[in-house]
Amino acid sequence: MAWPKSLNAAGIIEKLKQKIASLQQQWRRTRREIERLRQENEQLRQERERLREENERLKRQLEEAQRASKRQAAPFSRGRRKADPQRPGRKSGAAYGRRYGKAIPEHVDQVIAVPAPVRCECGGKLKVESIRSQYQQEIVRKTIWRRFDIPICRCQLCHKRVQGRDPRQTSDALGAAAVQLGPDALALAVQMNKGLGIPHADVAAVLKDGFQLQVNRSTICRAVERVARRGEATWHALRDAARRSMVNAIDETGWNVEAQLRWLWVVVSEQVTFCDILPGRGFEQAAALLGPDYDGWLTHDGWAVYYKFLRAGHQSCIAHLLRRCRDMAAVASASAARFPLQVKALLEKGLALRDRYNQGELSRHGLWTATGRLEAQLDRLLVRPVRDSANRRLKNHLWRERSYLFTFLYCPGLDATNNAAERALRPLVVARKNWGGNRTAKGARAQAVLTSILQTARQQGKNPLDRLIALLVGKDPAKILDLVPPTREIPQDSSPGPPPRKVRARDPLELVALYAVPKAVDGTQVSVQP
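Reading the values: rules and limits
- Residues numbered from 1 in each chain as written.
- Predicted model: local features only at pLDDT ≥ 70, side-chain atom pairs only at ≥ 80, totals over all residues.
- Heavy atoms only, no water.
- Helix = DSSP H or I, 4+ residues; strand = E, 2+ residues; numbered from the N terminus.
- Buried < 20%, exposed > 50% of the residue type's maximum accessible area, 1.4 Å probe, protein only.
- Pairing = 2+ DSSP bridges.
- Phe/Tyr/Trp six-rings, centres within 6.5 Å; stacked < 30°, edge-to-face > 60°.
- 1 Å grid on protein atoms, 1.4 Å probe; cavity = no way out; pocket = protein on both sides within 12 Å on 5 of 7 lines; lining within 4 Å.
- Points joined across faces, edges and corners; volume = space filled by probe spheres on them.
- Nonpolar A, V, L, I, M, F, W, Y, C, P; charged D, E, K, R; others polar.
- Axes fitted to C-alpha atoms, helices over the stretch in contact; angles between N-to-C directions.
- Parallel < 35°, antiparallel > 145°, perpendicular 65-115°, else oblique.
- Left-handed = near helix turned anticlockwise from the far one by under 90°.
- Contact = heavy atoms within 4.5 Å.
- Disulfide = S-S within 2.5 Å.
- Expected span 1.5 Å × (residues − 1).
- Core = buried A, V, L, I, M, F, W, Y, C linked by side-chain atoms within 4.5 Å.

**Student:** Looking at this structure, how should I read the side chain of Thr234?
**Tutor:** Looking at where Thr234 falls in the secondary structure, it is placed in helix 5 (residues 232-244). Assessed through its relative accessible area of 0%, Thr234 is described here as buried.

Structure (structure tokens):
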């Protein structure tokens, strides 16, 4: 190192000290940087290990799913047995429970005298001590032939041909079409096909094996179309009844018509189930069911189309969100699973509040107060940042649904889920698995008409078979069955919404979409702002 000539020894020493201090400071910075890089390297190594384990787990799940898709013996198996499964069958002793038995019939159609055995197993003679009775209820596997002797008349005034008709006739046809099936047989075939989802060929097999009744598949198909034509008036009346209903659950699922994707829509109120098969799943199709100005209450799964019913009150299905949170927590890491589990806990608190109110443990004011606190907890949870992409999607969905999650708490009596619509779709999903859909548009119309009539009859506790027979023997094409409620339906626990709640100025939660309901369940005008 070259030093200036004017610099003395003390200056040189000072310069060296400064240089040494600078080098030490640089060394400390270098050590800190090395330590930071070492920590970052350790974090990256741990992250790599976590990703490797998650990759292995996902590979195992993919392999299990691929194997399960090819395993047809138990397609709905959970894959793992319970650790402590319940013992099958009835419990013994006092734990058996309440015992039930069929009542002894008041009228017996047939009495059979059972002959006494001749000898005992040991060879000894037997003596009758008493006669005990056993009862058996059985169906008669027998078909009968009826002949209707129909008078053919001629009007002496206008010379019009008029013929008589018996209430058990399904048609006035004579000549080549004079041999027909009776209303009971046709109604049973239609019920098995549309009510139970049994294909036409299987229905014909049941009638042949069970009742020795030879029926072709085409006969069953024509019977279905005939009953559907006569049920059109009732079907339209059920749609009008659904539009009058104060509360409806609505849902849709895919359906094939002529090998093309269509959508099966269902609307379920307290007394009516209405179905229709439409070409899309937009607001135009939903409005075709309920009308664009429907102003009642809708419970649904959160599909964005339903919120276009601007005059209606909405309840987003809690069950769908709970299932989504459970599925997310099952596959997420421990840190990522925290958010869906917290959301799940809040939703379950809402259901617990509903149960406490129904049991009389909470007043209505207490219910609304607890609901406000619950919503505040949800808001605080949603404003927190999340890193996981699945959690971000759930968070964004909850922000959109925020105003419609706890409507059932502000309006007691409103269902928290759309399970009613899901249950109405279940038999149709089974039928779709059996035959895949409808081959023609006419068959799809018949499917919608008969499904609406059969499910509404079952919903009201009326015999669906009797309603089909009434359609078959009826002569009036505009006949409306006794399934249509005359007035607007109001649930038993009807209650207005809570009074409006003011929001503080400059509150960060002011940007949350406020909830506004046009009418209460009992029809009164209210305003609800959670």
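**Student:** Could you clarify how one ought to interpret the pairing of strand 3 (residues 247-257) in this entry?
**Tutor:** Two faces make up the sheet, and in a regular strand the side chains alternate between them. Counting buried residues along strand 3, ten of its eleven residues qualify, which places the element largely inside the surrounding structure. As judged from the three bridges shared by strand 3 and strand 6 (residues 297-300), these two strands associate in the parallel manner. Looking at strand 6, one finds that Asn248 is bridged to Leu298. As defined by bridge partners, strand 3 adjoins strand 4 (residues 260-268) across nine bridges and the pair is classed as antiparallel. When the bridges of strand 4 are listed, Val257 appears paired with Gln260. Hairpin connection between strand 3 and strand 4: a loop of two residues separates the two successive antiparallel strands, and Glu258 in this loop has a positive phi of roughly 55°. Here strand 3 runs beside strand 8 (residues 437-438); their pairing, made up of two bridges, is parallel. When the sheet's bridge partners are listed, Val257 is paired in strand 8 with Asn438.

**Student:** Can you walk me through the packing of aromatic side chains in this structure?
**Tutor:** For any two aromatic rings, the description comes down to two numbers: the centre-to-centre distance and the angle of the planes. Inspection of every chain in the model, using the stated rule, returns five aromatic pairs. The interplanar angle of 65° and the centroid separation of 5.0 Å between the aromatic rings of Phe283 and Phe309 together place this pair among those described as edge-to-face. Within this pair, whereas Phe283 is found in helix 6 (residues 283-290), its partner Phe309 is found in the loop between strand 6 and strand 7 (313-316), the two being separated by 26 residues in sequence. Given a relative accessible area of 0%, Phe309 falls into the buried group.

**Student:** Please explain the layout of surface pockets as it appears in this structure.
**Tutor:** In this approach a probe as big as a water molecule rolls over the atoms, and the regions it shows empty are the leftover space. The space that makes up the largest pocket amounts to roughly 1100 Å³. Around the largest pocket, the lining is made up of 28 residues, and of these Gln110, Ile112, Gln134, Tyr135 and Gln136 lie nearest the centre. By residue class, the composition of the lining of the largest pocket is 16 nonpolar, seven polar and five charged. In this model, the second largest pocket occupies a volume close to 970 Å³. Looking at the second largest pocket, it is lined by 31 residues, and the ones nearest its centre are Ile144, Arg146, Gln180, Leu181 and Gly182. Looking at the lining of the second largest pocket, the elements that each hand over two or more residues are helix 2 (183-195), helix 3 (200-211) and helix 14 (464-473). Take the lining of the second largest pocket: its biggest share by element is four residues, from helix 2. When grouped by side-chain class, the residues that make up the lining of the second largest pocket number 18 nonpolar, seven polar and six charged.

**Student:** In this structure, what is going on with the packing of helix 7 (residues 318-331) against helix 8 (residues 338-358)? I would like to understand it.
**Tutor:** Helices that pack against each other are described as a pair by the angle of their axes relative to one another and the distance between those axes. Where helix 7 meets helix 8, the closest approach of the two axes is 9 Å, and the angle between their N-to-C directions is 150°. In terms of orientation, helix 7 lies roughly antiparallel with respect to helix 8. Note on packing geometry: the crossing formed by helix 7 with helix 8 is left-handed. Here Ile318, Leu321, Leu322, Cys325, Arg326, Met328 and Ala329 of helix 7 lie close against helix 8, whose contacting residues are Pro340, Leu341, Val343, Lys344, Leu347, Glu348 and Leu351. Its residues placed into classes, the contact of helix 7 with helix 8 shows eleven nonpolar, no polar and three charged.

**Student:** Honestly, the state of the cysteines in this entry has me stumped. Any pointers?
**Tutor:** By definition, a disulfide links the sulfur atoms of two cysteine residues through a covalent bond. Taken as a whole and assessed by the stated rule, the structure comprises zero disulfides. Lacking any disulfide linkage, Cys158 is separated from the closest cysteine sulfur, that of Cys155, by 3.5 Å.

**Student:** Looking at this structure, how should I read helix 13 (residues 441-459)?
**Tutor:** Note that an α-helix has 3.6 residues per turn; residues three or four places apart therefore point the same way. Relative to the 27 Å expected for 19 residues at 1.5 Å per residue, helix 13 spans 27 Å between its end C-alpha atoms, a close match to the ideal helical length. Here helix 13 lies mainly inside the structure; 14 of its 19 residues are buried. Gly461 sits one or two positions beyond helix 13 and adopts a positive phi of about 75°.

**Student:** Explain the nonpolar core here, please?
**Tutor:** Most often, soluble globular proteins have nonpolar side chains that are buried together. Core analysis: the biggest nonpolar cluster contains 40 residues, and Trp265 and Leu290 have the highest contact counts within it. Those elements that provide at least two residues to this core are helix 2, helix 4 (217-230), helix 5, strand 4, strand 5 (273-278), helix 6, helix 13 and helix 14. For this core, the element with the most residues is helix 13, which contributes seven residues. Among residues more than four places away in sequence, those in contact with Leu290 are Ala242, Arg243, Asn248, Ile250, Val267, Leu298 and Phe309. Grouped together as the second largest cluster of nonpolar side chains are 34 residues, Val343, Leu394, Tyr410 and Ala416 included.

**Student:** I keep staring at the packing of helix 3 against helix 4 and nothing clicks. Help me out?
**Tutor:** Between helix 3 and helix 4, the least distance of the axes is 9 Å, while the angle of their chain directions is 110°. For the element pair helix 3 / helix 4, the angle class is roughly perpendicular. Within the contact between the two elements, helix 3 uses His200, Ala201, Val203 and Ala204 and helix 4 uses Arg217, Ile220 and Cys221. Of the residues in the contact of helix 3 with helix 4, the class split is five nonpolar, one polar and one charged.

**Student:** What exactly am I supposed to notice about the environment of Pro412 here?
**Tutor:** For Pro412, the location among the structural elements is in the loop between helix 11 (407-410) and helix 12 (419-435). On the basis of relative accessible area, Pro412 is assigned to the buried category, the value being 2%. Placed 54 residues apart in sequence, Pro412 and Asn358 show a C-alpha to C-alpha distance of 8.4 Å.

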